[in-house]
Amino acid sequence: MGEVVQMHFTAVDYVIFALLLVASAGIGLFYAFSGGRQRTTQEFLMADRSMSCLPVSLSLLATFQSAVAILGAPSEVYTFGTQYWFLGCSYFLGLLIPAHIFIPVFYRLRLSSAYEYLELRFNKTVRICGTVTFIFQMVIYMGVVLYAPALALNAVTGFDLWGAVLAMGLVCMLYTALGGLKAVIWTDVFQTVVMFAGQLAVIVVGASQAGGISEVWKKAMNGSRIAGLDLNPDPLERHTFWTLGVGGVFLMLALYGVNQAQVQRYLSSRTEKEAIMSCYVVFPCQQIVLCLGCLMGLVMFARYGEDSPLVKGYVKTNDQMVLYFVMDVFRDLPGLPGLFVACLFSGALSTISSAFNSLATVTMEDLIKPHFPDMTEAKATLLSKGLALAYGLVCLAMAYLASLMGSVLQAAFSIFGMVGGPLLGLFCLGMFFPCANPIGAVVGLVAGLAMAFWVGIGSFIMRMPGPVVQPPNATAPPLFDNMTTTVMTTLLSTTAKPRPTGVEALYSLSYMWYSAHNSTTVVIVGLIVSFLTGPMKEKELTPGTVFPVLGTLLFFLPERYREKLCCITPLAPKPKEINNQPYQMAKKDSSGATYCKDDVVTKEKEAEGERALPDEDDLETRVALPSCQLTAHTVQETAL
């Protein structure tokens, strides 16, 4: 075994890394001092609902593609082969379902926070439970996702650990707090381009040094790294077509269906059509990203074969192995290592900036505004910016705690994945089962979280390694997202063992089924409790909060039976548009002021962003009011 080898950056590499930070900060400053200058919460948190399809799509992709994924996917393919590529099969349903079910429901309700939906569907208690769960999930995760790649980079290159962490954290705080969601989305676009460029550079140069892409493929075939279709239905098998292609759908739904960071981007779109199109556009982009990760892993194998830097002892972890490979490939090409570092930290920036903005949004909309309804728009905007800064400081604090965690670091990653499934189950319970009541929702969420932590922690303890050397193939799989996928895979080993039974079988469940297992627990427990405590009736539901999937599936039943099963609730009508801007039928009073029934904008107060509710008797005529905020009380007033 050799000693850990440390390579070093040149001045050109540091300059390229610095340019990434300067460009990201510049985008934030541009949006801080242009347009509306982030003077309203609608502009700061929702980008004035004015974003087009392309930037929203690339921002969705950047949030999904974290720094941990950039390091993890090639390592996975190098170790286990291309079986991981079948995860791409889950992208189809994982994006089609959000596009045609979740987005129409959220967009037509004109929400700012995904958890606002839970209050409209259930009550305020369920909303707060969902919000607190999400905040816990993101606070634990965002510091770790910043610290982990910086640690790997430091170990391989000597790149200053805390210099990188502080630089990334402070720059991200700057452009998120000053530029709002517009800055976050446009920096995501820039960072996506940098990520593509960095990965492409590694693949092109690495393949060229290995003798060309055909030689790479030949070596991968000879080394049994090109995997076929594995149709083994065993849920305990780590990666098969079913675990990746079906279990992966639930992981994708937890991320692209109900995660606040992604929902916020849908809601920032100019129209519902553009929000839906963003899901379609991100689909081929995700496939490209997945292929790039797989190709990079194959190029690594073509270079090292079975004799990896990890086996030789040059590095200590898989993430370090990917960085060692990059530094090795670019040894005589100054500047390109810096490009890959920019690629790596672009993934980190996009993830944590999304966390800052989404956390500020849910804290403001779900925890503060309901208790201070008279807060002026100026104060609310200032407080939102303060929240973004505060969460940035929390991120740096969590990065410091991550440095003290040691082996618990993987458990912190795992918490992110454990929480995603139960939250998905909570939204599915409300959206697809009209009979579910608030008590069932709360009990179901608690049961889902309890199941998630029980299985997750049990698996963690059962698989804690003893003082033995692991075989080369017992490596960590990729940790491929910020927002919903679990990294409990890092604890899984392919060492041959007797098939587990009983509780051990549950602990041995493939990590790809965790989200499906935990969300199903929420739905089943929620429905049972709802029926025991009295299911909700059709007339008790807020219009537009239930997607009529049961009514469609049970079309063969007479209407009276479907009504008893609460299966005929229609989806909210689609808002009309004027010049591509959604609007609601508003009313005009005798003074000439235009307003929605519950969201009134008077001519005098419009500039200050204040709202005033007139008397019902003062309503005279209906007019079109662009960008009118649709609330739970105005759903029934929406134009048909």
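Shown above is the structure to which this text applies.
To start, this report covers the structure provided alongside it. These numbers come from a predicted model, not from an experiment.

Per the secondary structure count, the protein chain includes 23 helices and 4 strands. For the protein chain, buried positions account for 60% of its 640 residues. Long-range contacts, defined as pairs at least 24 residues apart, comprise 84% of the intrachain contacts of the protein chain with a sequence gap of at least 6.

Let's shift gears to the packing of helix α19 (residues 438–462) against helix α21 (residues 514–533). To characterise two packed helices, one gives the angle between the axes of the helices and the distance between these axes. Two elements in contact, α19 and α21, have axes separated by 7 Å at closest approach and are oriented at 145°. In this structure, the crossing between α19 and α21 has a hand that is right-handed. Of α21, the residues touching α19 (which contributes I439, G440, V443, G444, L445, A447, G448, M451, A452, V455 and S459) are Y514, H517, N518, T521, V522, V525, G526, V529, S530 and T533. Residues belonging to the contact of α19 with α21 are distributed by class as follows: 11 nonpolar, 10 polar and no charged.

Attention shifts here to empty space enclosed by the protein. For the structure on display, the rule yields 4 cavities of 30 Å³ or more. Roughly 90 Å³ of volume is contained in the largest cavity. Contributing to the lining of the largest cavity are 13 residues, with Q65, A73, Y84, V289 and L290 lying nearest its centre. Counting residues per element, the ones that place at least two in the lining of the largest cavity are α4 (67–80) and α13 (272–304). Considering each element in turn, the lining of the largest cavity owes the most residues, 5 residues, to α13. For the lining of the largest cavity, the residue count by class is 10 nonpolar, 3 polar and no charged.

A few words now on unusual backbone geometry. One non-glycine residue, A47, lies in positive phi territory at about 55°. Look at A47 and you get buried, because its relative accessible area is 0%. At S224, a position not held by glycine, the phi torsion is positive, near 60°. Along the chain, the position of S224 falls in the loop between α9 (213–222) and α10 (241–245).

Another aspect to go through is the packing of aromatic side chains. Within this structure, the stated rule accounts for 21 aromatic pairs. Summarising the aromatic geometry, the rings of Y304 and F325 are spaced 6.1 Å apart at their centres and angled 75° between planes, so their arrangement reads as edge-to-face. Here Y304 is found in helix α13, whereas its partner F325 is found in helix α15 (residues 318–329), with 21 residues between them in sequence. A relative accessible area of 15% means that Y304 is categorised as buried. Put simply, the rings of F102, F106, Y115, Y117, F134, F427 and F432 touch in pairs and so form one group of aromatic residues. Lying across the ring of Y107, R110 places its NZ or CZ 5.2 Å from the centre. The ring of F80 is capped by R238, whose NZ or CZ atom sits 4.0 Å from the centre of that ring.

Cut-offs used in this document
Residues numbered from 1 in each chain as written. Predicted model: local features only at pLDDT ≥ 70, side-chain atom pairs only at ≥ 80, totals over all residues. Heavy atoms only, no water. Helix = DSSP H or I, 4+ residues; strand = E, 2+ residues; numbered from the N terminus. Buried < 20%, exposed > 50% of the residue type's maximum accessible area, 1.4 Å probe, protein only. Contact = heavy atoms within 4.5 Å. Axes fitted to C-alpha atoms, helices over the stretch in contact; angles between N-to-C directions. Left-handed = near helix turned anticlockwise from the far one by under 90°. Nonpolar A, V, L, I, M, F, W, Y, C, P; charged D, E, K, R; others polar. 1 Å grid on protein atoms, 1.4 Å probe; cavity = no way out; pocket = protein on both sides within 12 Å on 5 of 7 lines; lining within 4 Å. Points joined across faces, edges and corners; volume = space filled by probe spheres on them. Phe/Tyr/Trp six-rings, centres within 6.5 Å; stacked < 30°, edge-to-face > 60°. Lys NZ or Arg CZ within 6 Å of the ring centre and 35° of its normal.

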